[in-house]
There are 4 protein chains.
Amino acid sequence: MKYPSAPEIAAAAWLNTDSPLSMRALRGRVVMLHAFQMLCPACVTRATPQASAVADCFADEDFQLIGLHTVFEHHRVMNPDALRVYVAEFQLQFPIAIDQPAENSPVPVTMARLELQGTPSTVLVDRTGNIRFSHFGILSDMQLGAMVGQLLAE
Amino acid sequence: MKYPSAPEIAAAAWLNTDSPLSMRALRGRVVMLHAFQMLCPACVTRATPQASAVADCFADEDFQLIGLHTVFEHHRVMNPDALRVYVAEFQLQFPIAIDQPAENSPVPVTMARLELQGTPSTVLVDRTGNIRFSHFGILSDMQLGAMVGQLLAE
Amino acid sequence: MKYPSAPEIAAAAWLNTDSPLSMRALRGRVVMLHAFQMLCPACVTRATPQASAVADCFADEDFQLIGLHTVFEHHRVMNPDALRVYVAEFQLQFPIAIDQPAENSPVPVTMARLELQGTPSTVLVDRTGNIRFSHFGILSDMQLGAMVGQLLAE
Amino acid sequence: MKYPSAPEIAAAAWLNTDSPLSMRALRGRVVMLHAFQMLCPACVTRATPQASAVADCFADEDFQLIGLHTVFEHHRVMNPDALRVYVAEFQLQFPIAIDQPAENSPVPVTMARLELQGTPSTVLVDRTGNIRFSHFGILSDMQLGAMVGQLLAE
């Protein structure tokens, strides 16, 4: 089986990191991309807290969580200032990229590259930089833990 | 014991209702005021869903839930447009007043009148229009149900 | 409306109380009967913890919780010795009556008097000793709190 | 690092399986032993439902869950007849061994071989039959999923 290579993240800005993260530089590590919107209920109440739990669970492993704020609706309200307040109030600790707005589409650049259908979405990238799993919706903690564990064991 | 009379709500605007609600016109009913901010984590994940559950639980009783968006921080981000998106996305059904901004204070007018300390806050008003309970923080479903039930039985 | 009077409890034995409780002696208080079986999953995981929470919530009120071990199946396994271990291990604190086995029926005496359909069942008795509510199955914390609160306010 | 080999299960009886399971015959598969007692609260409410969820999560993998009823207290009450009622009422589907009572100790034979400290305990055995993890207490779903996932990837 041949897996697609994970595209680079096109970010308008980064939060919670001094320097931008690059998929190329993360080769050798398992990467989880958590695509969310700050006013998406399933993100706020379930997927984003779960993403934080994944980061805690694998803190001692070759693992990197990256949040991706993929605003494809209500762009004016979910702007970078609003996101910064949201991230501070909800005490999110992990690096977050603000997905680069596209010129001719409401769907931002990285979201389009990843062919995501909505938020929340979870993308798992293996140590070689290939996308091994991409899912729109909610996953159980056990299922998500199992997949990350399997990729870490490779 | 003498209870304070519930002050009127000073609203910049109302959501989810055709006409403004008035404490005076609600005499005879038990009223619960749910003071919240759209980016307050304890509101979003716990108190606001609980408020919706209270409205459902007492839908057939002389009971009225009123949301009160008491923005006392990050005013620019938690503006009326943002609130409307939040209310639509989270499918909140109950009437919500946007608390009137004060001229010389970050604390809005009704929040000051009610002497609330923060969000989420719960205020219970009896059938005679008196404030019987005011609490900053989280309550258990059972405790909140019990208090509303007791006021309805009066 | 006329409500039925709560029948007395016929108990083979009592746990967690020095002397048997009597419905007559409890006049003036609101009483909740929690009918359960120690190997009934919905009891063990939901209704019995909820009953303990009710007792805590109304500890300062004129309220009494009574557990009723209404064994109507697997009598040999859910015997008094087993119940005592269960109550100790699960740290149940409230008074529990072992419902008196019937001579010609698997359904014990008090369960038959109360016309309960199964476990868990919740029976609420008002201050005058009348049954105001009887339910087979699970209730929400809010709904149960509301009903107890209403009866306490009478 | 050298891991201990998983000992065979000494069972007085098996439930939910036509023939006894053997650690030797399970070589090549990842095995999770779930040690529990039917009246242990943390087992009943948390660890045993979690064990069922693990079996569901890895149903399509080279994975086997085995329950181990390690009665080390209240032996008379937690007898095989009581366990059968418990397993039927709680609808447990996975194979369960009743740990062989010891002659001179309250601790049964397999529990002693595995040097378990109490219930619930979780033991993970890799494809080569070695014990890779043994834990007394509760694990998060994510942590447990991750460990099983890692062992499956070996």
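Residues numbered from 1 in each chain as written. Chains lettered and ligands numbered in written order. Predicted model: local features only at pLDDT ≥ 70, side-chain atom pairs only at ≥ 80, totals over all residues. Heavy atoms only, no water.

Per an unreviewed UniProt entry, chain A goes by Redoxin domain-containing protein and derives from Microbulbifer aggregans.

Between chain C and chain B, the superposition needs a rotation of 180° and an axial shift of 0.0 Å, giving an RMSD of 0.0 Å. Within this description, the copies of the chain are treated as partners about a two-fold rotation axis. The overlap is high: 100% of the interface residues of chain C also sit at the interface in chain B, so the same surface is used on both sides. (Least-squares fit on C-alpha atoms with pLDDT ≥ 70 in both. Contact = heavy atoms within 4.5 Å.)

Right, let's get into the interface of chain A and chain B. Many authors give the size of an interface as the accessible area that is lost as the parts come together. Contact residues are listed per partner, giving 15 residues for chain A and 15 residues for chain B. Across the interface of chain A and chain B, roughly 1400 Å² is buried in total on both sides, 72% from carbon and sulfur atoms. When the shortest N-O distance is used, the salt bridge between Asp 81 of chain B and Arg 76 of chain A registers 3.1 Å. On the surface where chain A and chain B come into contact, there are four residue pairs in polar contact (both at pLDDT 80 or more). Of all the secondary-structure elements, those providing two or more residues to the side of chain A that touches chain B are α1 (41–57) and α2 (80–89) of chain A. Among the elements that line the side of chain A that touches chain B, the one with the most residues is α2 of chain A, at five residues. A class-by-class count of the residues in the side of chain A that touches chain B yields nine nonpolar, two polar and four charged. (Buried area = accessible area lost by both parts, 1.4 Å probe. Salt bridge = Lys/Arg side-chain N within 4 Å of Asp/Glu carboxyl O. Polar contact = N/O pair within 3.5 Å; in protein donor to acceptor, adjacent residues only side chain to side chain. Helix = DSSP H or I, 4+ residues; strand = E, 2+ residues; numbered from the N terminus. Nonpolar A, V, L, I, M, F, W, Y, C, P; charged D, E, K, R; others polar.)

Let us look at the arrangement of the chains. What separates chain A from chain C at the closest point of their C-alpha atoms is a distance of 21 Å, and the two make no contact. A minimum C-alpha distance of 21 Å separates chain B and chain D, which share no contact.

Expressed as a screw transformation, the operator carrying chain A onto chain B has a rotation angle of 180° and an axial translation of 0.0 Å, and the superposed copies differ by an RMSD of 0.0 Å. The share of interface residues of chain A whose copies in chain B are also at the interface is 100%, consistent with both copies meeting through the same surface.

Glancing now at the state of the cysteines. All names here are of chain C. Scanning the entire structure with this criterion turns up four disulfides over all chains. Disulfide pairing places Cys 40 opposite Cys 43 at an S-S distance of 2.4 Å. On the S-S bond that ties Cys 40 to Cys 43, the torsion sits near 80°, and the link is right-handed. Of the residues examined, Cys 40 reaches a relative accessible area of 6% and is grouped as buried. (Disulfide = S-S within 2.5 Å. Buried < 20%, exposed > 50% of the residue type's maximum accessible area, 1.4 Å probe, protein only.)

As a further point, take the pattern of salt bridges. Inspection of the entire model under this criterion finds 20 salt bridges over all chains. Here Asp 62 of chain B ties to Arg 127 of chain B by a salt bridge, and the two come within 3.0 Å at their closest N and O atoms. Of this pair, Asp 62 of chain B sits in the loop between α1 (41–57) and β3 (63–69) while Arg 127 of chain B sits in the loop between β5 (121–125) and β6 (131–136), and the two are 65 residues apart along the sequence. Each of Arg 76 of chain A together with Asp 81 and Arg 84 of chain B takes part in one network of salt bridges that share partners.

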